There are 2 protein chains.
Amino acid sequence: MVTIKDIAKLANVSRSTVSRVLNNSGYVSEDARKRVEEVIEETGYVPSEQAKSLRTKKTKVIGVILPTIQTETPSRIVTGVGKELAKHGYQILLANTNLDKDKEFEYLDLLKVRQVDGIILIATNTEPELMEKIKAINIPFVMIGQESEEVMYVSYDDYQAARDLTSFLIDEGHEKIGFIGVDETDRAVGHERKRGYLDEMESRKLPVEKEWMQQGIFDIDSGREAMKRMIESIGERPTAVLAVTDRLAIGAMSYLKQQGMSIPDEMAVAGFGASEMSQYIDPPLTTVDYQNEQAGIEAAKQIMASIRSQNVQEKVILDGRLIIRNSV
Amino acid sequence: MVTIKDIAKLANVSRSTVSRVLNNSGYVSEDARKRVEEVIEETGYVPSEQAKSLRTKKTKVIGVILPTIQTETPSRIVTGVGKELAKHGYQILLANTNLDKDKEFEYLDLLKVRQVDGIILIATNTEPELMEKIKAINIPFVMIGQESEEVMYVSYDDYQAARDLTSFLIDEGHEKIGFIGVDETDRAVGHERKRGYLDEMESRKLPVEKEWMQQGIFDIDSGREAMKRMIESIGERPTAVLAVTDRLAIGAMSYLKQQGMSIPDEMAVAGFGASEMSQYIDPPLTTVDYQNEQAGIEAAKQIMASIRSQNVQEKVILDGRLIIRNSV
DNA sequence: CTGTTAGCGCTTTCAC
DNA sequence: GTGAAAGCGCTAACAG
């Protein structure tokens, strides 16, 4: 391996001088600079990031903790983060919890040990212990997808989007509207979207039956199951259903179609997330586009600003954009 | 920041002794060990991976180069790689080319500079210059998804899977079978799957019309377009179509349904990849499951073996498993 | 069993 | 303008 020492020797200068031309810092005579550059060229030398960061305390690596890489939202976010970071010569160290919450804690430690310059967490919850831990870690940090007073974050306006979508359903003539949610420990998806739905229903003076509110987890099958429970319940049947993710909505549609019900005539369906499939499923799904990639870009920008201790925005809240298709 | 020096001082031993208890190497008296461990506990000290790897030349990081993180195959592979690597205390440094082939070269260099202990490439091609570069980089390396005599790889038996699927279609009574492929620079997906299809057709003495062979790129829309071209061509229409990815197949189905054609009665459709949507689309898609996560695990195992210079398998070829559903 | 010493590859004063 | 020297945090002979 060729090191700065070799270059110095070959160019007949000291290591300091080589370092200077490498970093464009301090004075270097044209002559010396030329010699050094030539030798670098010839040898194909590249300085070791290793050694550099031991000295400078900067690794140019950002740790990204995420719950899974197998669904579209986090994938898009990571893509955005990666694109923005690449512009600054930073890279992503991946920490995939595979939905194991304990690992969020573990990875926080691990990333600290690895001396990453910053951490981005694609969050599924905002449990106090987690927030505590993050503050204790004391590394530039940005959370994506959830809100908390304690940390910097990029989030979506889940409440408003849910209200808008519910409002749209009502405007289309629906009065009995069902809801498929998820656990409320996920504040953004579980709590806020539900709150938006409920508030909008209430402000329009529309009743909500208990059986119309079902809960799933994040997969397609649980959407099926939730829809099944809603349909099989005895009371009045809703004419539309709002699912808090596209996957749940797709599961719901799958069940409805299997039962021979027509969408949207017998049951309108809407989701969240603008998944790729939402436009190819039959009928195409009405949903909310959250610009996930943009969220990733914003988070990366924030963390870069934070690292450079520039003026940092404590929070960025992105809007959802309603995409109206034939499922309603 | 608390360093080994601090621990040494506080525990009244030398840095070497601290290092010894840290790494469980060499002899350390019970007494000293206890003192050191206590101090470590109290201070919450964790050794810097930075410094360690400068010394040991091991970073415990594996670079993963991939074309995109937004489709299921690479996501599943990365999940597998991550799981296996985590067992060994290794992490993934992500290098997402966003389908820009030039970046494969750039990232190879970048990962080298970062001194990663190994590189895994989720490959879309096996161009000679790329293979050259990889060998020049001289870091433990495993390629996934493509084959090459030059490097270690984990791949799928694309040829056989394509033959099997074609054979299945024929067994179901189809004689006129169309094909939606991709560019053959992607040897595995473009070339081998096509070869499997053609060989099987030939061995069964079935003709293949030129118009039955269409080409798309990797997205759903291009599947639609390809199907459209096939349907609109003048000659005889096939009764079944084989698409080399599920997304292409889903695009094709989307077009067929839009045209009011019934699947599988008027046109049977089959894909590759066992995408999640394949089971929820209507009708559920016949496809080939490639155990992508397993491929990631295998690749990680190989690279770990290679790093530890244990006996390494030069190649691992995984089978595809036919999943028969109602689209045929 | 333990400490001393040297050094990984680089940056950064501080003199000259 | 340039070099010498120190040091980032750690490991690994080597000597005792």
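Now for a description of the structure that goes with this document. In this convention, every chain numbers its residues from 1, walking through the sequence in written order. The naming scheme follows written order: chains are lettered A onward, ligands numbered 1 onward. Thresholds applied to this predicted model are a pLDDT of at least 70 for local features of residues and 80 or more for the giving and counting of side-chain atom pairs; totals over whole chains, interfaces and linings are not thresholded and use all residues. The basis for every side-chain value is the complete set of heavy atoms in the structure, and neither hydrogens nor water enter the calculation.

### A look at the overall build of chain A
Line of reasoning, step 1. Counting from the N terminus, the helices are DSSP H or I runs at least four residues long and the strands are E runs at least two residues long. When you go through chain A residue by residue, the secondary structure sums to 12 helices and 12 strands.
Line of reasoning, step 2. The C-alpha atoms of chain A give 26 Å as radius of gyration, which overshoots the globular expectation for 328 residues (20 Å, by more than 25%).
Line of reasoning, step 3. Dimensions along the principal axes, computed over C-alpha positions, put chain A at roughly 90 × 40 × 30 Å.
Line of reasoning, step 4. In this description, contact between two residues means that some pair of their heavy atoms is separated by no more than 4.5 Å. Once local pairs closer than 6 in sequence are excluded, the contacts in chain A between residues at least 24 apart make up 69%.
Line of reasoning, step 5. Values of accessible area rely on a 1.4 Å probe in the Shrake-Rupley scheme; residue burial ignores everything except the protein chains shown. Roughly 14700 Å² of accessible area belongs to chain A as shown, and the carbon and sulfur atoms make up 46% of that amount. Every radius of gyration here is taken over C-alpha atoms, with the globule rule written as 2.2 Å times N^0.38, N being the number of residues.

### Remarks on the relation of the copies chain A and chain B
Line of reasoning, step 1. Superposing copies: least-squares fit, C-alpha atoms only, residues required to have pLDDT of at least 70 in both. Overlaying chain A with chain B gives an RMSD of 0.1 Å, the required rotation being 180° about an axis along which the chain moves by 0.0 Å. Here the transformation between the copies is reduced to the relation of a two-fold axis. Across chain A, the smallest distance between a C-alpha and the rotation axis is recorded for Leu 93 of chain A, namely 2.3 Å.
Line of reasoning, step 2. Both copies share a contact surface, since 100% of the interface residues of chain A are interface residues in chain B too.

### Description of the protein's contact with DNA strand C
Line of reasoning, step 1. Inspection of the region around DNA strand C gives 28 residues, with Ile 4 and Arg 55 of chain A together with Ser 16, Arg 20 and Ser 29 of chain B positioned closest.
Line of reasoning, step 2. The criterion for a residue being near a molecule or strand is simple. One of its heavy atoms has to lie within 4 Å of it. Of everything in DNA strand C that lies within 4 Å of the protein, sugar and phosphate atoms constitute 55%.
Line of reasoning, step 3. Here a polar contact is taken to be a pair of N or O atoms separated by no more than 3.5 Å, where protein atoms must pair a possible hydrogen donor with a possible acceptor and residues adjacent in sequence count only if both atoms sit in side chains. Ser 14 of chain B is positioned with one of its backbone polar atoms (N or O) 2.9 Å from a phosphate oxygen of DNA strand C.
Line of reasoning, step 4. Elements that contribute at least two residues to the surface near DNA strand C include exactly α2 (15-23) and α4 (49-56) of chain A together with α2 (15-23) and α4 (49-56) of chain B.

### A few points about the sheet that holds strand β4 (residues 141-144) of chain B
Line of reasoning, step 1. The pairing criterion is simple: DSSP has to find at least two bridges between the two strands. The strand order β11(A)-β5(A)-β4(A)-β3(A)-β1(A)-β2(A)-β2(B)-β1(B)-β3(B)-β4(B)-β5(B)-β11(B) describes an open sheet built from 12 strands, whose pairing is mixed. Each edge of the sheet is formed by a strand with only one pairing partner; in this case those strands are β11 (315-318) of chain A together with β11 (315-318) of chain B. Neighbour-to-neighbour, the strand axes of the sheet open up by a mean angle of 20°, direction not taken into account. Note on geometry: axes are C-alpha line fits, over the in-contact stretch for helices, and angles between N-to-C directions span 0 to 180 degrees.

### Remarks on the protein's contact with DNA strand D
Line of reasoning, step 1. Near DNA strand D, the surroundings consist of 28 residues, among which Arg 20 and Ser 29 of chain A together with Ile 4, Tyr 45 and Arg 55 of chain B are the closest.
Line of reasoning, step 2. One nitrogen or oxygen atom from the main chain of Ile 4 of chain B is found 2.3 Å from a phosphate oxygen belonging to DNA strand D.
Line of reasoning, step 3. Those elements giving two or more residues to the surface near DNA strand D turn out to be α2 and α4 of chain A together with α2 and α4 of chain B.
Line of reasoning, step 4. Looking at the surface near DNA strand D, the element that brings in the most residues is α2 of chain B, giving 5 residues.
Line of reasoning, step 5. Amino acid classes used here: Ala, Val, Leu, Ile, Met, Phe, Trp, Tyr, Cys and Pro are nonpolar; Asp, Glu, Lys and Arg are charged; the rest, including Gly, are polar. Grouping the amino acids of the surface near DNA strand D by side-chain chemistry returns 10 nonpolar, 10 polar and 8 charged.

### Overview of the sheet that holds strand β9 (residues 268-270) of chain B
Residues and elements named next belong to chain B.
Line of reasoning, step 1. Taken in spatial order, the 4 strands of this open sheet run β7-β6-β8-β9, and their pairing is parallel. For this open sheet the edge positions go to β7 (213-215) and β9, each flanked by a neighbour on one side alone. Going from strand to strand, the sheet's axes swing by 20° on average, the running direction of each strand aside.
Line of reasoning, step 2. Bridging between strand β8 (residues 240-243) and β9 involves 3 bridges; their strand directions are parallel. Considered in β9, the bridge of Ala 240 is made with Ala 268.
Line of reasoning, step 3. Sheet contacts for helix α10 (residues 220-232): β6 (177-181), β7 and β8; angle to β6, the most-contacted strand, approximately 145°.

### Brief notes about the packing of aromatic side chains
Line of reasoning, step 1. Centres within 6.5 Å make a pair out of two Phe, Tyr or Trp rings, where for Trp the six-membered ring is used; the pair is then stacked when the planes are under 30 degrees apart, edge-to-face when over 60, and tilted otherwise. Going through the model one piece at a time under the given rule, you end up with 6 aromatic pairs over all chains.
Line of reasoning, step 2. Their ring planes at 20° and their centres at 6.4 Å tell us that Phe 272 of chain B and Tyr 290 of chain B sit as a pair that is stacked. Taken as a pair, Phe 272 of chain B in the loop between β9 and β10 (287-289) and Tyr 290 of chain B in the loop between β10 and α12 (292-307) lie far apart in primary sequence, 18 residues in all. Each member of the pair Phe 272 of chain B and Tyr 290 of chain B is classed as buried.
Line of reasoning, step 3. In this structure an aromatic cluster arises from ring pairing among Tyr 156, Phe 272 and Tyr 290 of chain A.
Line of reasoning, step 4. The ring of Tyr 159 of chain A has Arg 195 of chain A lying over it, and the distance from NZ or CZ to the ring centre is 4.0 Å. Remark: exposure states derive from per-residue accessible area (1.4 Å probe, protein chains only) relative to the maximum for the residue type, with buried under 20%, exposed over 50%, and partly exposed in between. Both a distance and an angle decide whether a charge sits over a ring: NZ of Lys or CZ of Arg must be within 6 Å of the ring centre and within 35 degrees of the ring normal.

### Observations concerning the environment of Ile 120 of chain A
Residue and element names in this part refer to chain A.
Line of reasoning, step 1. Within the element layout of this structure, Ile 120 appears in strand β3 (residues 118-122).
Line of reasoning, step 2. Taking the C-alpha atoms as reference points, Ile 120 and Val 64, 56 residues apart in sequence, are found 4.8 Å from one another.
Line of reasoning, step 3. Once you skip the residues sitting within four places of it in the chain, Ile 120 turns out to touch Ile 62, Gly 63, Val 64, Ile 65, Val 81, Val 142, Ile 144, Ala 299, Ala 300 and Ile 303.

### Focus on the nonpolar core
Line of reasoning, step 1. Take the buried residues of types Ala, Val, Leu, Ile, Met, Phe, Trp, Tyr and Cys, join any two whose side-chain atoms come within 4.5 Å, and each joined set is a nonpolar core. Met 227 of chain A together with Met 227 of chain B are the most contacted members of the largest nonpolar core, which has 144 residues in total.
Line of reasoning, step 2. Setting aside residues no more than four positions away along its own chain, Met 227 of chain B makes contact with Ile 180, Val 241, Ala 252, Tyr 255, Leu 256 and Met 267 of chain B.
Line of reasoning, step 3. One finds Val 116 and Val 151 of chain A together with Leu 121 and Leu 130 of chain B within the second-largest nonpolar core, a separate group that totals 40 residues.

### With respect to unusual backbone geometry
Line of reasoning, step 1. For the bond running from Asp 282 of chain A to Pro 283 of chain A, omega is -5°, close enough to zero to count as cis.
Line of reasoning, step 2. You can see Pro 283 of chain A is positioned in the loop between β9 (268-270) and β10 (287-289).
Line of reasoning, step 3. Here the bond from Ile 263 of chain B into Pro 264 of chain B is cis, since omega is 10°, no more than 30 degrees from zero.
Line of reasoning, step 4. Of note in the backbone geometry, Asn 12 of chain A takes a positive phi value of approximately 60° without being a glycine.
Line of reasoning, step 5. Residue position: Asn 12 of chain A is located in the loop between α1 (4-11) and α2.
Line of reasoning, step 6. A positive phi angle is found at Asn 98 of chain B, which is not glycine, with a value near 45°.

### Things to note about the packing of α4 of chain A against α4 of chain B
Line of reasoning, step 1. At a minimum axis separation of 9 Å, α4 of chain A and α4 of chain B run at an interaxial angle of 140°. When the axis of α4 of chain A is compared with that of α4 of chain B, the two are oblique. Considering the relative orientation of α4 of chain A and α4 of chain B, their crossing is left-handed. Along its contact with α4 of chain A, which presents Gln 50, Ala 51, Ser 53 and Leu 54 of chain A, the element α4 of chain B presents Gln 50, Ala 51, Ser 53 and Leu 54 of chain B.
Line of reasoning, step 2. A per-class count over the contact of α4 of chain A with α4 of chain B returns 4 nonpolar, 4 polar and no charged. To sort the angles, those under 35 degrees are grouped as roughly parallel, those over 145 as roughly antiparallel, those from 65 to 115 as roughly perpendicular, and the leftovers as oblique. Helix crossings are classified by the rotation of the near helix relative to the far one: an anticlockwise turn of less than a right angle makes the crossing left-handed, while a clockwise turn makes it right-handed.

### Brief notes about the interface of chain A and chain B
Line of reasoning, step 1. Contacts between the two partners involve 48 residues from chain A and, on the opposite side, 48 residues from chain B.
Line of reasoning, step 2. By buried area we mean how much accessible surface two parts lose on assembly, using a 1.4 Å probe and totalling the loss over both. Interface of chain A and chain B: buried area, both sides summed, is about 4000 Å²; carbon and sulfur atoms make up 56% of it.
Line of reasoning, step 3. By salt bridge we mean one thing: a side-chain nitrogen of Lys or Arg within 4 Å of a carboxyl oxygen of Asp or Glu. If you look at where chain A meets chain B, you find 2 salt bridges.
Line of reasoning, step 4. Taking the shortest distance from any N to any O, the salt bridge between Arg 247 of chain A and Glu 276 of chain B comes out at 2.1 Å.
Line of reasoning, step 5. Our enumeration of links across chain A and chain B arrives at 24 residue pairs in polar contact (both at pLDDT 80 or more).
Line of reasoning, step 6. Breaking the side of chain A that touches chain B down by element, the ones donating at least two residues are α4, α5 (72-87), β2 (91-96), α6 (101-113), α10 (220-232) and α11 (246-258) of chain A.
Line of reasoning, step 7. In the side of chain A that touches chain B, the residues fall into 23 nonpolar, 13 polar and 12 charged.
Line of reasoning, step 8. Two elements, β2 of chain A and strand β2 (residues 91-96) of chain B, share 3 bridges in a ladder whose sense is antiparallel.

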